[in-house]
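Here's the letter readout for the chains.
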Amino acid sequence: MADYQTLALSPELHRAIEQMGFTEMTEIQEKAIPVMLQGKDIIAKAPTGTGKTCAFGIPLIEGTDPKKSFVQGLVLCPTRELCTQITDDLRRLAKFKEGLQVVSLYGGQPIARQITALRRHPQVVVATPGRLLDHLNRRTLRLDGVTLAVLDEADEMLDMGFMKDVRRILDGLKNRRQMVMFSATISREVMDISWLYQRDEVEITVKPVEESEPKITQFSMLSTGSRKLEDLSAILRIKDYRRAIIFCNTKYTTARLSEQLRERGFDAECLHGDMRQQERNQMMAAFKAGKIAVLVSTDVAARGIDVSDVDAVFNYEVPLENEYYLHRIGRTGRARREGDSYIFFSEEEKKHLGEIIRYTRSNVTRLRFNENGQLVEAGD
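A few points on the structure. A quick note: this is a predicted structure, and the numbers were derived from the prediction, not measured.

## Things to note about helix α7 (residues 154-171)
The terminal C-alpha atoms of α7 lie 17 Å apart, and with 18 residues this falls more than 12% below the ideal 26 Å at 1.5 Å per residue. Where α7 bends most, the angle comes to about 110 degrees, and this point is Phe162. Looking at the buried positions of α7, the neighbouring elements they touch are β2 (73-76), α6 (129-138), β5 (148-152), β6 (178-183) and α8 (188-197).

In structure tokens form, the structure reads like this:
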């Protein structure tokens, strides 16, 4: 992999990158950053956890003029959690660029606070489509100075029903000179946006190779009812994972399970869509900082989770959709680390689990507890 020092960047940006502890570029960064610095449009397909934020963030910050007091760069993303994480990363990259401000706009946060931030004339805005349109309608934000637009997790954003909103926003960028899209998959909707808004785009694909592919050891266990809680607790105690995420299908189960785990002495908290945004932000910050060992979450609430050192993922309930299984277990084994995943299932769910394994082409080892309370392979 190429070294960051080979990039022709400003001393301020090199200093920020060094302080963030980065030396070598990931594959997506090595392929995308030089192309973006040339001002070209990009449509990039890359697995999660490969360093996409810095791949577009470094050229974005480098090309932004702190002396100009209007928005020059716009990043659109699907969820508020991702919005805050991208903002944090961009602020770290902009740390030594005096006067450069990055603002995040998303629903669930008081709009008055965001209006106050916009009055300080930020140069970069990171936003979810709905809240951005709200500001545009209120005329608290102008985008006529935007020259670079980034769509992050474009497939998920468009799949969530934001196609019309994204098009309205892009149609309003009259002085846009460059648009880049980063996506885990290139869906029909992503291709449509590319065809409508990009010119002579450079296509970049980063395949999951052994170096960057998540190293996840997958396990399953036949367990139901109250036995499932006991089995989960036993695995957590035996393995003593420093950081784990447990997935449930409903908000109720998420809240109840985190409560039951706390009663058993685990440092557990829950994350679901009904929580206030401030609570969710605090929970995520605490989890990232290692103050919470076990995070119990729904699929929707977990969309913005970007923590590189999760040791294990538990499917406490079999996911409702086959692809959710990959999204869930992909939260571990990131950034060249290794991780474990577990899925609990009942006799009635055995067929569904088989479909998931075939669909995701997974290699899953069945486990059970022996009479001595040790985890052993169960066989078929």
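## Notes on the state of the cysteines
For the structure shown, the criterion picks out zero disulfides. Left unpaired, Cys54 is separated from the closest cysteine sulfur, that of Cys77, by 15 Å. For Cys54, a relative accessible area of 8% puts it in the buried group. Its sulfur unpaired, Cys77 is 4.3 Å from the next cysteine sulfur, which belongs to Cys83.

## Let's talk about the sheet that holds strand β8 (residues 215-222)
Overall, mixed pairing links the eight strands, which are arranged β10-β11-β9-β12-β13-β8-β14-β15 in an open sheet. What marks the edges here is a single partner per strand, and that holds for β10 (268-271) and β15 (375-377). The average undirected angle you get between the axes of adjacent strands in this sheet is 25 degrees. As judged from the four bridges shared by strand β9 (residues 244-247) and strand β12 (residues 312-315), these two strands associate in the parallel manner. Across the sheet, the residue bridging to Ile245 is Val313, located in β12. Where helix α10 (residues 251-263) meets the sheet, its contacts fall on β9, β10 and β11 (294-297), and the angle it forms with β10 comes to roughly 175 degrees.

## Description of helix α9 (residues 225-239)
Taking 1.5 Å of rise per residue, the 15 residues of α9 would be expected to cover 21 Å, and the 22 Å separating its terminal C-alpha atoms lies within 8% of that figure. Every buried residue of α9 is listed here: Lys228, Leu229, Asp231, Leu232, Ser233, Ile235 and Leu236. Remark: Asp240 follows α9 within two positions and exhibits a positive phi of approximately 50 degrees.

## Describing the sheet that holds strand β4 (residues 124-127)
Pairing within the open sheet is parallel, and its seven strands lie in the order β3-β4-β2-β5-β6-β1-β7. Of all the strands in the sheet, the pair left with one neighbour each is β3 (102-105) and β7 (202-205). Direction aside, neighbouring strands of the sheet carry axes that sit 15 degrees apart on average. Pairing of β5 with β6 involves five bridges; the strand directions are parallel. Along β6, the bridge assignment pairs Leu148 with Gln178. Running over the sheet, helix α3 (residues 52-62) touches β2, β4, β5 and β6 and is turned about 170 degrees from β6.

Reading the values: rules and limits
Residues numbered from 1 in each chain as written. Predicted model: local features only at pLDDT ≥ 70, side-chain atom pairs only at ≥ 80, totals over all residues. Heavy atoms only, no water. Helix = DSSP H or I, 4+ residues; strand = E, 2+ residues; numbered from the N terminus. Expected span 1.5 Å × (residues − 1). Bend = angle between axes of the 7 residues up to and from the residue. Contact = heavy atoms within 4.5 Å. Disulfide = S-S within 2.5 Å. Buried < 20%, exposed > 50% of the residue type's maximum accessible area, 1.4 Å probe, protein only. Pairing = 2+ DSSP bridges. Axes fitted to C-alpha atoms, helices over the stretch in contact; angles between N-to-C directions.

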